[in-house]
Amino acid sequence: MIYFVRHGETVWNRAGRVQGRADSPLTERGVAQARAYGRNLAVTLRDDRSVRLHTSPLGRARRTASLIAEALGFSEDCVAIEPRLAEHDVGGWTGKTWAEIECAHGDSPERLRDWHHRPPSGETRAEMMGRAADWLASRASSGIDIVVSHGGMSRAFRAAYLGIPASAAAALPTHTHGRLYRLDAGAIVEIVTDPDDQPVERLLG
């Protein structure tokens, strides 16, 4: 079983800027979201000794993972940093809004978002999906994994888990803040963990 968590809201998320491998700090709302993830997971997984916590190496994910670890009673040493879980490398798009990217590169929104399109000095989304598939293939077959990563990687990760091609991955729901996904037995369940609400589950497929 896997719980996939997107990091809490950041300053650049709020400004609508593409972060990629760059970083900006969690907002107060983002910290509250991370704490809510931790509280929900601590209740759901109480007394389970098979839990492993993995995080992208990027600061916003590591901060979120740290807050989750605190809620679970884990030490920082128990958090595995996994480079394959890093966000989409958007290269020259870093720090720009989508409007700025479309204006600067003169491509249609559809082409820019194609999973085989490569940003300047970056990677394709299909290559990111390959990293997700590689991590999934390498994980232990038993136990529970909590993965703390990013919005772009979430879609690639879910597509790899479901075994669908990159061409179909864009149709998967956006991973908005304040929710996580449980992946188990070939199905994906969305769990809303907004700080102001009780957790709500919804089967996606």
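Residues numbered from 1 in each chain as written. Predicted model: local features only at pLDDT ≥ 70, side-chain atom pairs only at ≥ 80, totals over all residues. Heavy atoms only, no water.

Moving on, we get to the layout of surface pockets. A volume near 660 Å³ is recorded for the largest pocket. Taken together, 26 residues make up the lining of the largest pocket; nearest its centre are R6, E87, W98, G151 and G152. Secondary-structure elements contributing two or more residues to the lining of the largest pocket are helix 1 (11–15), helix 6 (125–138) and helix 7 (151–162). Among the elements that line the lining of the largest pocket, the one with the most residues is helix 7, at 3 residues. Partitioned by chemical class, the residues of the lining of the largest pocket number 8 nonpolar, 11 polar and 7 charged. (1 Å grid on protein atoms, 1.4 Å probe; cavity = no way out; pocket = protein on both sides within 12 Å on 5 of 7 lines; lining within 4 Å. Points joined across faces, edges and corners; volume = space filled by probe spheres on them. Helix = DSSP H or I, 4+ residues; strand = E, 2+ residues; numbered from the N terminus. Nonpolar A, V, L, I, M, F, W, Y, C, P; charged D, E, K, R; others polar.)

For the pair helix 2 (residues 28–44) and helix 3 (residues 59–72), interaxial distance at closest approach is 8 Å and the crossing angle is 35°. Both helix 2 and helix 3 take part in a crossing whose hand is right-handed. Mapping the contact onto sequence places V31, A34, R35, Y37, G38, R39, L41 and A42 in helix 2 and R63, T64, L67, I68, E70, A71 and L72 in helix 3. Among the residues making up the contact of helix 2 with helix 3, the classes are represented as 9 nonpolar, 2 polar and 4 charged. (Axes fitted to C-alpha atoms, helices over the stretch in contact; angles between N-to-C directions. Left-handed = near helix turned anticlockwise from the far one by under 90°. Contact = heavy atoms within 4.5 Å.)

Let us now look at the packing of aromatic side chains. With the rule as written, the count across this model stands at 3 aromatic pairs. Here F4 and F157 contribute two aromatic rings whose centre-to-centre distance is 4.9 Å and whose plane-to-plane angle is 50°, an arrangement assigned as tilted. Within this pair, whereas F4 is found in strand 1 (residues 2–6), its partner F157 is found in helix 7, the two being separated by 153 residues in sequence. When sorted by exposure, F4 lands in the same class as F157, which is buried. Ring plane angle 65° and centroid distance 5.4 Å describe the contact between W93 and W98, whose orientation is recorded as edge-to-face. (Phe/Tyr/Trp six-rings, centres within 6.5 Å; stacked < 30°, edge-to-face > 60°. Buried < 20%, exposed > 50% of the residue type's maximum accessible area, 1.4 Å probe, protein only.)

The phi dihedral of S121 is positive, around 65°, even though this residue is not glycine. Here S121 is to be found in the loop between helix 5 (109–112) and helix 6. By relative accessible area, S121 is classed as exposed at 74%. At A185, a position not held by glycine, the phi torsion is positive, near 55°. As for its position among the elements, A185 is in the loop between strand 5 (179–184) and strand 6 (187–192). A185 gets classed as exposed once you look at its relative accessible area, which sits at 76%.

Close contact between helix 6 and helix 7 brings their axes to 8 Å; oriented N to C, the two are set at 55°. Considering their axes alone, helix 6 and helix 7 lie oblique with respect to each other. As helix 6 packs across helix 7, the resulting crossing turns out to be right-handed. Touching M128, M129, R131, A132, A133, W135 and L136 of helix 6 are G152, M153, A156, F157, A159, A160 and Y161, all from helix 7. Across the contact of helix 6 with helix 7, the residue classes tally to 12 nonpolar, 1 polar and 1 charged. (Parallel < 35°, antiparallel > 145°, perpendicular 65-115°, else oblique.)

Distances and angles like these do not, on their own, reveal function.
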